Amino acid sequence: MPVEITWWGHATCTVTDSDVRVLTDPLFARRLAHLRRRRGAVPPAGARRADVALVSHLHADHLHVPSLARLEPGTRLLVPRGAPRQVPGLRRLTHLAVDEVAPGDERRVGDLLIRAVPARHDGRRLPLGPHRSPALGYVVEGSARTYFAGDTGLFDDMAEEVGPVDVALLPVGGWGPYLGEGHLDAGRAAQALARLGPRSAVPVHYGTYWPIGMDAVRPHEFHAPGAEFARLAGRFAPGVDVHRLEHGESVRLEVAR
């Protein structure tokens, strides 16, 4: 059975595997604080339908309470351990089945096994949150093993901590002209491919949101990361098929283990 990946923009994807719909870091906003959606339409109502939604960390562009509030009643929601204490809005989402997880935790959803894995990223609820919730990635195991990295830096034991994967959804940029520590740019994401060794990769977390009034400041950091990742992946991980999707576009991948 193939796995289907749809990229809605930023870090929001739908992964459909074994008839289970998995939604990553739902963000359905046209504007978020000083950020404005500059490319791709706001995802349609159908994008909000999922069996389970995964939240990688507490930053507002990954844990966006108004977007989570739009999910259908009964949707399971996996969040980093401690998130409801740090983000009070989560406790008001009584229509969702909220479950806190930490690295190493596993959850069954239908025929899928979802495993929380470490990420190297500041997991606080900025700007003032304490360091009490881990930043996470997730591996969704069904007919394929799909790794959603959330936000992370490159780290030496990435392959060991994430485990073998078939598909990697990797961040390759950001929402501003500069990336701080704990992020992957196109080059570091290509190096991550070399360590992880998946069959396929989809670049995410670029080319969607940009600060208002900063269109002329390093615009290549908005437009170029996807193509740059594909180019560098050919150097660092030539055996990996890179699928550079447009907003709202899907790819179906046949994975033979």
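Worth saying up front: this structure is predicted, and the values here are computed from it rather than measured. (Residues numbered from 1 in each chain as written. Predicted model: local features only at pLDDT ≥ 70, side-chain atom pairs only at ≥ 80, totals over all residues. Heavy atoms only, no water.)

Section: the overall build of the chain
Piece 1. For the chain, the helix and strand inventory stands at six helices and 17 strands.
Piece 2. Taken over the C-alpha trace, the chain has a radius of gyration of 17 Å; the compact-globule value for 257 residues is 18 Å, and the two agree within 12%.
Piece 3. Taken along its principal axes, the extent of the C-alpha atoms in the chain is 45 × 45 × 35 Å.
Piece 4. For the chain, with 257 residues in total, the buried portion stands at 56%.
Piece 5. Taking the intrachain contacts of the chain between residues at least 6 apart in sequence as the baseline, contacts between residues at least 24 apart amount to 66%.
Piece 6. Put simply, the chain has 32 plus and 29 minus side-chain charges, and the middle of one group is 6 Å from the middle of the other. (Helix = DSSP H or I, 4+ residues; strand = E, 2+ residues; numbered from the N terminus. Rg over C-alpha atoms; globule rule 2.2 N^0.38 Å. Buried < 20%, exposed > 50% of the residue type's maximum accessible area, 1.4 Å probe, protein only. Contact = heavy atoms within 4.5 Å. Lys, Arg positive; Asp, Glu negative; His and termini not counted. Charge placed at Lys NZ, Arg CZ, Asp CG, Glu CD.)

A word on the sheet that holds strand E2 (residues 12-17)
Piece 1. Sheet architecture is open: seven strands sit in the order E8-E7-E6-E3-E2-E1-E17, paired in mixed fashion. This sheet does not close on itself; its edge strands, each paired only once, are strand E8 (97-101) and strand E17 (250-253). The average undirected angle you get between the axes of adjacent strands in this sheet is 20 degrees. (Pairing = 2+ DSSP bridges. Axes fitted to C-alpha atoms, helices over the stretch in contact; angles between N-to-C directions.)

Some details on the nonpolar core
Piece 1. Grouped together as the largest cluster of nonpolar side chains are 54 residues, with contacts concentrated most on Tyr-138, Tyr-147, Leu-170, Leu-193 and Phe-229.
Piece 2. With six residues, helix H4 (residues 186-196) is the single largest residue contributor to this core.
Piece 3. In terms of nonpolar packing, the next biggest core, distinct from the first, is built from 19 residues, Leu-23, Ala-47, Val-79 and Ala-83 among them. (Core = buried A, V, L, I, M, F, W, Y, C linked by side-chain atoms within 4.5 Å.)

Structural notes on the pairing of strand E1 (residues 3-9)
Piece 1. Across the seven residues of E1, six count as buried, placing the element largely inside the fold.
Piece 2. Pairing between E1 and E17: four bridges, direction antiparallel. From the neighbouring strand, Val-3 faces E17, where its bridge partner is Leu-253.
Piece 3. Bridge count for E1 against E2 is five bridges, and the pairing is antiparallel. Residue Ile-5 lies in a different strand from E2, and its bridge partner there is Val-15.
Piece 4. Where E1 folds back onto E2 in an antiparallel hairpin, the turn is made up of two residues, including His-10, whose phi is positive at roughly 50 degrees.

Re unusual backbone geometry
Piece 1. Of note in the backbone geometry, Ser-18 takes a positive phi value of approximately 55 degrees without being a glycine.
Piece 2. Residue placement: Ser-18 occurs in the loop between E2 and strand E3 (20-24).
Piece 3. You will see that Asp-19, though not glycine, has its phi angle at about 65 degrees, which is positive.
Piece 4. Within the secondary structure, Asp-19 is located in the loop between E2 and E3.

Some points on the sheet that holds strand E5 (residues 35-37)
Whether parallel or antiparallel, the strands of a sheet pair through hydrogen bonds between backbone atoms.
Piece 1. Taking strand neighbours across the sheet as the criterion, the three strands line up as E4-E5-E15 in an open arrangement whose pairing is antiparallel. Each edge of the open sheet is held by one strand with a lone partner, namely strand E4 (31-32) and strand E15 (209-211).
Piece 2. Relative to E15, E5 runs antiparallel, the two being bridged by three bridges. Following the sheet pairing, Arg-36 is matched in E15 by Trp-210.

A look at the environment of Pro-26
Piece 1. Mapping Pro-26 onto the fold places it in the loop between E3 and E4.
Piece 2. You can call Pro-26 buried: its relative accessible area is 0%.
Piece 3. As for Pro-26 and Ala-159, which are separated by 133 residues in sequence, their C-alpha atoms are 26 Å apart.
Piece 4. The contacts of Pro-26, once residues within four sequence positions are left out, are Thr-12, Ala-53, Leu-54, His-62, His-64, Ser-67 and Leu-68.

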